[in-house]
Amino acid sequence: MAVDAVPATVTAATTSPEKPPNKYRQAFPQYAAVAPFFVLFAIFGAFPVLFSIWISFHSWDGIGQMKWVGLEQYNYLLTDPVFWKAIGNTMVIWVLSTVPMLLLALVIANALHNATRFRSFYRIAYFIPNVTSVVAVTLVFGSIFSNNFGLLNAFLQSIGVGKVEWLTQPWGIKIAIATIVTWRWVGYNAIIYLAGLQAISADVYEAAKVDGASPRQTFWRITVPMLRPVILFTAVTSTIGGLQIFTESRVLFGDTNSIGGPGNAGMTIVSYLYQSAFINNQFGYGAAIGWALFILIVLFSIINWRLIGGNDDERLTRRAARRVERRIAAQNAKREAADVR
């Protein structure tokens, strides 16, 4: 009995491949999962940044109508004596706090790395100032540096030095603010240095000890060069934080009429930004100060990168590591030769 042939059109229709799924529809759940972050970032991150650029070209009191002034805010910024005084104060406070802080943090980290007892306790103790309220810390240090009843002046008078007007003299104000910053962040940087020290192989220090290197030589010729990337990180972050000092001077001198203290000796860049925008209601000028601060931070970060990091320093670090590796290999060869004998 003959079987009728199936039409070719029907066979092609039944065996045609299925339509591939829409890749955007498949990826929609993943995009929906990460969408809240980007929405919040656009509202509270990207929009304020872009809006600050816009209002820096306007004169605006925060309520009324904006007035386009172009580059007048930035032109006045370059000739504003208070702004340059704030930059000078910030630079001095930054140097007085960052340099001792990083050196002290490196010494503390090295001591913690070599400690054998109570290591965890010391780590917690040094990190506690970083998680303590900066307002509370500033109030405590304000009582320590008080002109009339401060603990520091009481100690100085007890040893016959005499009273120092810490919170009225320009250098006293800067030293007080720098001390608060140093006390708060030295433990944080010490923990970072400690993590970097623990990443260095113990064979390097054993080789240096066999070669007769003293602890000082080991510290400066092995520890510091191999910690250079970590030092670069702490220098950049300390620069960013040091140029944005605000709370310490604001709490020490709470009166809004003298936000920078007597003679504006404690006026920092962020303090001047706050005074211009939120006290004098000059939001356009405050935004211009903020962008000038951003440029300053970028410049100092590049300077830190060139001085501490960079290709030349990386090559020096690699050379030091190769030198140590060669010493280790030579010592192992000597030991093997001695064992053969």
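Before reading on, note that the structure itself is shown above.
Because the structure is predicted, anything quoted here is derived from the model rather than measured. (Residues numbered from 1 in each chain as written. Predicted model: local features only at pLDDT ≥ 70, side-chain atom pairs only at ≥ 80, totals over all residues. Heavy atoms only, no water.)

A. Spotlight on the nonpolar core. Membership of the largest hydrophobic core comes to 20 residues, with the highest contact counts inside it found for Leu106, Tyr193, Leu227 and Ile231. Listed by contribution, the elements that provide at least two residues to this core are helix H4 (81–114), helix H8 (170–198), helix H10 (215–226) and helix H11 (228–242). Considering each element in turn, this core owes the most residues, seven residues, to H4. Residue contacts for leucine 227: discarding those within four places in its chain leaves Leu106, Tyr193, Gly196, Leu197 and Ile200. Core analysis: the next-biggest nonpolar cluster, separate from the first, contains 19 residues, Ala86, Ile87, Met91 and Tyr285 among them. (Core = buried A, V, L, I, M, F, W, Y, C linked by side-chain atoms within 4.5 Å. Buried < 20%, exposed > 50% of the residue type's maximum accessible area, 1.4 Å probe, protein only. Helix = DSSP H or I, 4+ residues; strand = E, 2+ residues; numbered from the N terminus. Contact = heavy atoms within 4.5 Å.)

B. Representation of the packing of helix H2 (residues 23–55) against helix H14 (residues 283–308) in the model. Taken N-terminus to C-terminus, the directions of H2 and H14 make an angle of 115 degrees; their axes are 8 Å apart at the nearest point. In the packing of H2 onto H14, the handedness of the crossing is left-handed. Counted together, Val49, Ser52, Ile53 and Ile55 of H2 and Phe283, Gly284, Ala287 and Trp291 of H14 form the full contact between these two elements. A per-class count over the contact of H2 with H14 returns six nonpolar, two polar and no charged. (Axes fitted to C-alpha atoms, helices over the stretch in contact; angles between N-to-C directions. Left-handed = near helix turned anticlockwise from the far one by under 90°. Nonpolar A, V, L, I, M, F, W, Y, C, P; charged D, E, K, R; others polar.)

C. Region of the structure containing the packing of aromatic side chains. Applying the stated criterion across every chain yields a total of 22 aromatic pairs. Relative to phenylalanine 38, the ring of phenylalanine 37 has its centre 5.2 Å away and its plane inclined at 75 degrees; by these criteria the two rings are edge-to-face. Look at phenylalanine 38 and you get exposed, because its relative accessible area is 51%. Summarising the aromatic geometry, the rings of phenylalanine 141 and phenylalanine 145 are spaced 6.4 Å apart at their centres and angled 20 degrees between planes, so their arrangement reads as stacked. Note on accessibility: phenylalanine 141 and phenylalanine 145 belong to one class, buried. Each residue in the set Phe47, Phe51, Trp60, Phe246, Tyr274, Phe278 and Phe283 is aromatic and connected to the rest through ring pairs, giving one cluster. (Phe/Tyr/Trp six-rings, centres within 6.5 Å; stacked < 30°, edge-to-face > 60°.)

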